[in-house]
Amino acid sequence: MINMQTGEQDGVKILTLSGRLDGDGSIRLHDRINEEIDYDKDSLLLDMSEVEYISSAGLRVLILAARTIKNEFGLCNLTSMVREVFAMTKLDSAFFIYDDIGAAIQSMSD
Amino acid sequence: MRQFVEIAAFIEQFCQAESVAGEDASRILVSVEEVFTNTVSYGFKDDSEHWIAIELKKDRDALEVEIVDDGIPYDPLTEAPEPDLSASLEDRQIGGLGVHMFKYYMDDLSYSHDGIFNRLKMTLKLDQVAP
């Protein structure tokens, strides 16, 4: 199960996620990004403060998003379990990861 | 994918009943999800019915998971591709990340094949939780 809320701040689209980024959740996230994001124009920030679970399916969706979004793509408010996954897969240096929304928007907006 | 939702519920219920801490339950869930997904995606090469059995056993300070399936013989511990963790985002292969994850989380992993079934055993040493 995953819940997603869209928002926007300073020209950056924000998707607030809540639940599990497992096989099912990742498909839903992928579909939602497809529906709402213009891959050529938009910047996207994922607020992960309520995501305590991520499997390799979740990593796949994030990697795909990072590859296809031409503008900025960032993650913020990672929980400790998700941080652990990013560290063990050495993806922590591959993504733009911010401590909070404020820091993310400051960096990502024009 | 849909079947995994039921499996996840089963594992969660077990962990709750056995007072397994949330983060440990998540580690077990992710590990089983990775093995299950790989088996369903790659282990069954024909259209006949197949099955996967998942058994959970809890000791005082450890939880053992055994996953048995009747798919093609495959040992994820030695046969899965090693992911290149130094590759850039553009070059990253997703394959292998799942195996990497459950090998990281779980202790005491072992695989055997008895002529018919793949058997994968993994144990998680549990963090002590105050009752």
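Preceding this paragraph is the structure being described.
Below is a summary of the structure that appears in this document. (Residues numbered from 1 in each chain as written. Chains lettered and ligands numbered in written order. Predicted model: local features only at pLDDT ≥ 70, side-chain atom pairs only at ≥ 80, totals over all residues.)

## Topic: the overall build of chain A
Basically, it comes down to this: Counting from the N terminus, the helices are DSSP H or I runs at least four residues long and the strands are E runs at least two residues long. Radius of gyration here uses only the C-alpha atoms, and the compact-globule reference equals 2.2 Å multiplied by the residue count raised to the power 0.38. Partly exposed residues are those whose C-beta has more than 12 but fewer than 20 other C-beta atoms within 10 Å; with 20 or more the residue is buried, with 12 or fewer it is exposed, and the C-beta atoms are placed from the backbone. Contact definition: two residues whose C-beta atoms, as placed from backbone geometry, lie within 7 Å.
When you go through chain A residue by residue, the secondary structure sums to four helices and five strands. Along chain A, helices (α) and strands (β) appear in the sequence β-β-α-β-α-β-α-β-α when read from the amino end. For 110 residues, the compact-globule estimate of 2.2 N^0.38 gives 13 Å, and the C-alpha radius of gyration of chain A, at 12 Å, lies within 12% of that figure. Considering only C-alpha atoms, chain A reaches an extent of 30 × 25 × 20 Å along its principal axes. Split into buried and exposed, the 110 residues of chain A put 43% on the buried side. Counted over contacts in chain A with a minimum sequence separation of 6, partners at least 24 positions apart contribute 71%.

## Some remarks on the sheet that holds strand β2 (residues 12-21) of chain A
Pairing between sheet strands relies on hydrogen bonds along the backbone, with the strands arranged either parallel or antiparallel. All names here are of chain A. How we decide: Strand pairing requires that DSSP identify at least two bridges connecting the strands. Simply put, an axis is a line fit to the C-alpha atoms, just over the touching stretch for a helix, and the angle between two N-to-C directions goes from 0 to 180 degrees.
Judged by pairing direction, the sheet is mixed, and its five strands sit side by side in the order β1-β2-β3-β4-β5 without closing on themselves. Each edge of the open sheet carries a strand with a single partner, namely β1 (2-9) and β5 (96-98). Strand-to-strand twist across the sheet, computed as the mean angle between neighbouring axes with direction ignored, equals 25 degrees.

## Let's talk about the pairing of strand β4 (residues 118-125) of chain B
Residues and elements named next belong to chain B. With burial as the criterion, only one face of β4 is covered, namely that bearing N118, L120, M122 and L124; the residues R119, K121, T123 and K125 on the opposite face remain uncovered. Here strand β2 (residues 62-69) runs beside β4; their pairing, made up of eight bridges, is antiparallel. Its bridge partner being in β4, V65 is matched across the sheet by M122. In this structure, the hairpin formed by strand β3 (residues 107-113) and β4 is closed by a connection of four residues, where G115 is found at a positive phi of approximately 105 degrees.

## Things to note about the packing of helix α1 (residues 23-36) of chain A against helix α2 (residues 56-68) of chain A
Residues and elements named next belong to chain A. Let me state the cut-off plainly: Any angle between 65 and 115 degrees counts as roughly perpendicular, while under 35 counts as roughly parallel, over 145 as roughly antiparallel, and the rest as oblique. We call a crossing left-handed when the near helix sits turned anticlockwise from the far one by less than a right angle, and right-handed when that turn is clockwise. Side-chain classes follow a simple rule in which Ala, Val, Leu, Ile, Met, Phe, Trp, Tyr, Cys and Pro form the nonpolar group, Asp, Glu, Lys and Arg form the charged group, and the remainder, Gly included, forms the polar group.
Look at α1 against α2: their axes get within 8 Å of each other, and the N-to-C directions meet at 20 degrees. One finds that α1 runs roughly parallel with respect to α2. Remark: the crossing between α1 and α2 carries right-handed chirality. Across from G23, G25, S26, L29, H30 and I33 in α1, the residues of α2 making contact are A57, G58, R60, V61 and A65. Across the contact of α1 with α2, the residue classes break down as five nonpolar, five polar and one charged.

## Notes on the interface of chain A and chain B
Contact residues are listed per partner, giving 19 residues for chain A and 22 residues for chain B. Those elements that place two or more of their residues in the side of chain A that touches chain B are α1, β3 (43-54), α2 and α3 (80-88) of chain A. With seven residues, α2(A) is the largest single contributor of residues to the side of chain A that touches chain B.

## Things to note about the packing of helix α2 (residues 22-43) of chain B against helix α4 (residues 97-105) of chain B
Residue and element names in this part refer to chain B. Close contact between α2 and α4 brings their axes to 9 Å; oriented N to C, the two are set at 145 degrees. Crossing of α2 against α4: the hand is left-handed. Here α2 contributes R27, V30, S31, E34, V35, T37 and N38 to the contact with α4, which in turn contributes G98, V99, M101, F102 and Y105. Within the contact of α2 with α4, the residues separate by chemical class into six nonpolar, four polar and two charged.

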